[in-house]
Amino acid sequence: MKIPLSYNARSLLQRPVSTLLTALGIALVVAVFIGMLALANGFRTALTRTGSNQNVLVLRKGADSELSSGLDRQAASILSSSPHIATGSDGRGLFSPEVYVIIPLPRKGADTNAVANVVVRGISPAAWAVRSRIQIEAGRRPESGRAEVCVGKKMAERFDNTGVGETLRFAGRNWNVVCRFSAGGSAFESEIWGENEQFMPVFRGQAFQSVTFRLKDPAGFEEAKRTLEADRRLTVDVHRESDFYAEQSELLGRILQILALMITSIMAIGAIFGAINTMYAAVASRSPEIAVLLTLGFQPRSVLASFLAESALIALVGGLLGALVAIPINGMVTSTTNWASFSEIAFSFRVTPTLILAGICFALVMGVVGGFFPARRAARMPVVQALR
Amino acid sequence: MKFFPLVLANLGRHKRRTILTIASVALALFLFASLRTVVTTIDRAAQFGSARRLVTINATGLVFPLPLSYGNRLQAMKGISGVTWANWFGGRYGDNKRFFAQFAVDPTSYLAMYPEISLPEDQKQAFIRERSSAIVGRRLLDVFGWKLGQNVTIQGTIFPGDWTFTIRGVYTPTDAVINDDMMLFHHAYLEERIGRPGIAGWYVLEIEDANNAAGIAKAVDDQFRNSTAPTKTGTEQAFNASFATMWGNVSLLMGTIGMAVVFAILLVTANAMMMSARERTGEVAVLKTIGFKDRTLFGLVMLEAGIITVTGAVIGLGGAKLLYKASNFNAAGFLPGFDVTGNTLLLGAAVALLLMLASGLVPAFRAARLPVVQALRTVE
């Protein structure tokens, strides 16, 4: 027969301090667990969202990032006549040859040494349509032939002179900020966009770094890749945009995840030790009670289950508390250098329901593991001795 | 101290509990030391730099090259006693699972500029003589199992193609901050293969007098202000410091986690101490009855807490120090010179002391203030 759960709940209330301390310990572990994975998750999501699986990114053969790539005008013109390019509403191809550079910008308010490497992307007018998530939040698009730039949403909070109407200075020139755009939380929101023809002469001369176009047939990627890479006039690598950005997040995303798991597993061991102590003390102080239960005819199995449940209950309280602590960090913006592209990206912590569930499960595991040996001792208690 | 055996006996009563609590403290301080060392390692890299070395980069940004012709003009400037230049190569080796940095450098002037990169004289000469040779850090040799004289092929990402270098030397940095997993090869070889565009990624200048750093930096930038590639010159330390800031707010992140770890373990220790104290209420009353002073009982509980936290701290902090030392850990090249500093150890000891106070004070006060009659009445 099962011992009712209310027995455990009442027992826990009998020793509130000890229960609470143990639960709080577990709560902290769960909070760190959720928080760190939310960081890794947010970083990955920002980059994964950057790419669209309908877009194709073309780089010079062997280049592992836009920064190290280079495509001359002739290559761009050959690419522009590819039959795989979708046509926009204006009848022109959804095709954007782009200039991609990284410039140092001093962070807002910090000391003069604190610089971030910011992506400056020179686009063609079609780029706004090629990237379907881009939305201009304030201002208007930069006009062709003018020294005007549009700034990603996450830039404005972190750098001076990035507001609409202000003037940003880089590459030895002044640039009027004429708009601010959002991009669904993606890495584009950490970039500065302007016209490619404006950026070419001030940065790296008459060459593009990459070409991005929308596929006419989303299923036709393999076909497009084959024909373009086989074209003898071109030496290019053709990437699906979504895969490319997912790969860019691989290195740091994995480091963050490993770090999260390492730190939390060490913390978890500490918390489990705490749970073991608490449960052994509980079993020891309640031995007469346990003996009575056994005498009444409850199976040792039931006693074991009951004490495991009690330990799990403490952990559950801890898990819920930890989740409560961790939830407010959702959406908090942080930034770091993505070493795969040598540029800084700002992203939000992302606490997902799955992550919260994982955190609570993690807490339960700590509770069950910590409770097992004490519960076994309870189940094996010699009745006569305990009653005496 | 005559009560020491009594405290030990108390600790030995619940051996399991004592050991688990000590282990929790040890784990917490191990984590604390590890997290803090990430911060101190980055800080140390940010502070590294000889006062006599300046770095000149393109004013537009580090990723833009400078003309190779600047070398001679810099060399001719007053107050500058040495000039060298380098280029980031950005190659991939094998499956690219283990990243390492490659630099194209001017061998003679670069090794003269950085005495911290030390290698045997014969290897140095062999490297300088052979255009397609390279030197690598000791760690790379261990990671990939390379040997002296071996040919290694790198795939260029910025400079396309396969690049084969013969390893002619192995260096060991005399300062741990300098990465021991770089590959250095001839800048002239790079120039030759990419069609002599005449570019250098950045220049490093040695100045005669460290006090003139600011003036010389300004003179250099003034000299190139109206040329095609204006420069930005600063001390090597400022250059490294700006690199370190690229990590973003690591210290806040590590600090927050460190706090959470310490606090979580505080709860575990405090709980253990309170449980022990509660079980001994009767005993304490007996001790008081036979004449133990309140102060003594207070001390006994604190001593017990102290032994637990100090033992844990010694294991945790010592373990961290030894483990990272023995495994020569450097986070796959990201954190060269990863070593738990004395400062971190001291801070860890302070944390242990704090743990002792926080976990011991409540039970100790309770023991000291225990009303004897009442306590004895409740003894079962």
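Analysis parameters
Residues numbered from 1 in each chain as written. Chains lettered and ligands numbered in written order. Predicted model: local features only at pLDDT ≥ 70, side-chain atom pairs only at ≥ 80, totals over all residues. Heavy atoms only, no water. Helix = DSSP H or I, 4+ residues; strand = E, 2+ residues; numbered from the N terminus. Rg over C-alpha atoms; globule rule 2.2 N^0.38 Å. Buried < 20%, exposed > 50% of the residue type's maximum accessible area, 1.4 Å probe, protein only. Contact = heavy atoms within 4.5 Å. Lys, Arg positive; Asp, Glu negative; His and termini not counted. Charge placed at Lys NZ, Arg CZ, Asp CG, Glu CD. Buried area = accessible area lost by both parts, 1.4 Å probe. Salt bridge = Lys/Arg side-chain N within 4 Å of Asp/Glu carboxyl O. Polar contact = N/O pair within 3.5 Å; in protein donor to acceptor, adjacent residues only side chain to side chain. Pairing = 2+ DSSP bridges. Arc of directions from axis to C-beta. Disulfide = S-S within 2.5 Å. 1 Å grid on protein atoms, 1.4 Å probe; cavity = no way out; pocket = protein on both sides within 12 Å on 5 of 7 lines; lining within 4 Å. Points joined across faces, edges and corners; volume = space filled by probe spheres on them. Nonpolar A, V, L, I, M, F, W, Y, C, P; charged D, E, K, R; others polar.

A. Expanded view of the overall build of chain B. Looking only at helices and strands, one finds 14 helices and 13 strands in chain B. A globule of 380 residues ought to have a C-alpha radius of gyration of about 21 Å, yet chain B, at 30 Å, is considerably larger. In terms of overall dimensions, chain B has a C-alpha envelope of 95 × 45 × 30 Å along the principal axes. Within chain B, the proportion of its 380 residues that are buried is 51%. If you take every contact in chain B between residues at least 6 apart in sequence, the share linking residues at least 24 apart comes to 81%. Distance from the positive charge centre (36 side chains) to the negative charge centre (26 side chains) of chain B: 11 Å.

B. Just the interface of chain B and chain A, in detail. At the junction of the two partners, chain B supplies 46 residues and chain A supplies 51 residues. Interface of chain B and chain A: buried area, both sides summed, is about 3900 Å²; carbon and sulfur atoms make up 72% of it. Across the contact surface, chain B and chain A share one salt bridge. Between Arg92 of chain B and Asp64 of chain A there is a salt bridge whose closest N-O contact spans 3.9 Å. Connecting chain B to chain A are 10 residue pairs in polar contact (both at pLDDT 80 or more).

C. Layout of helix α11 (residues 281-289) of chain B. Within the sequence span of α11 of chain B, burial applies to Gly282, Val284, Ala285, Leu287 and Lys288 of chain B. Of the residues one or two after α11 of chain B, Gly291 of chain B is the one with positive phi, at around 110°.

D. Expanded view of the pattern of salt bridges. Applying the stated criterion across every chain, the model contains 39 salt bridges over all chains. Via salt bridges that share partners, Glu66, Glu98, Arg121, Arg131, Glu191 and Glu241 of chain A belong to a single interconnected network.

E. Structural view of the pairing of strand β12 (residues 343-348) of chain A. All names here are of chain A. Summarising burial for β12: five of the six residues are buried, a large majority. As judged from the six bridges shared by strand β11 (residues 333-338) and β12, these two strands associate in the antiparallel manner. Across the sheet, the residue bridging to Asn338 is Ser343, located in β12.

F. Region of interest: helix α5 (residues 121-129) of chain B. Residue and element names in this part refer to chain B. Along α5, the residues that are buried comprise Gln123, Ala126 and Phe127. End-on, the buried residues of α5 take up no more than an arc of 100°, which puts them together on one face. Those residues of α5 that are exposed and angled more than 90 degrees off the buried face are Asp122 and Arg129.

G. Main features of the environment of Asp339 of chain B. Residues and elements named next belong to chain B. Mapped onto the secondary structure, Asp339 falls in the loop between α12 (294-327) and α13 (342-369). Judged by relative accessible area, Asp339 falls into the partly exposed class, the value being 23%. It is 6.6 Å that separates the C-alpha atoms of Asp339 and Lys325, two residues lying 14 residues apart in sequence. With sequence-adjacent residues up to four places away left out, Asp339 is seen in contact with Thr37, Thr41, Lys321 and Lys325.

H. Looking closely at the state of the cysteines. Residues and elements named next belong to chain A. Under the definition given, this model contains one disulfide over all chains. Here Cys150 engages in a disulfide with Cys179; their sulfurs sit 1.9 Å apart. With the S-S dihedral at roughly -130°, the linkage between Cys150 and Cys179 falls on the left-handed side. With Cys150 in strand β5 (residues 148-152) and Cys179 in strand β7 (residues 173-182), this residue pair connects regions lying 29 residues apart in the sequence. What makes Cys179 buried here is its relative accessible area of 0%.

I. Expanded view of empty space enclosed by the protein. All names here are of chain A. Taken as a whole, this structure holds five cavities of 30 Å³ or more when the rule is applied. Counted as a void, the largest cavity has a volume near 140 Å³. If you trace the largest cavity, you find 18 residues lining it, with Tyr100, Tyr245, Gln248, Ser341 and Ser343 closest to the centre. Its residues placed into classes, the lining of the largest cavity shows eight nonpolar, six polar and four charged.

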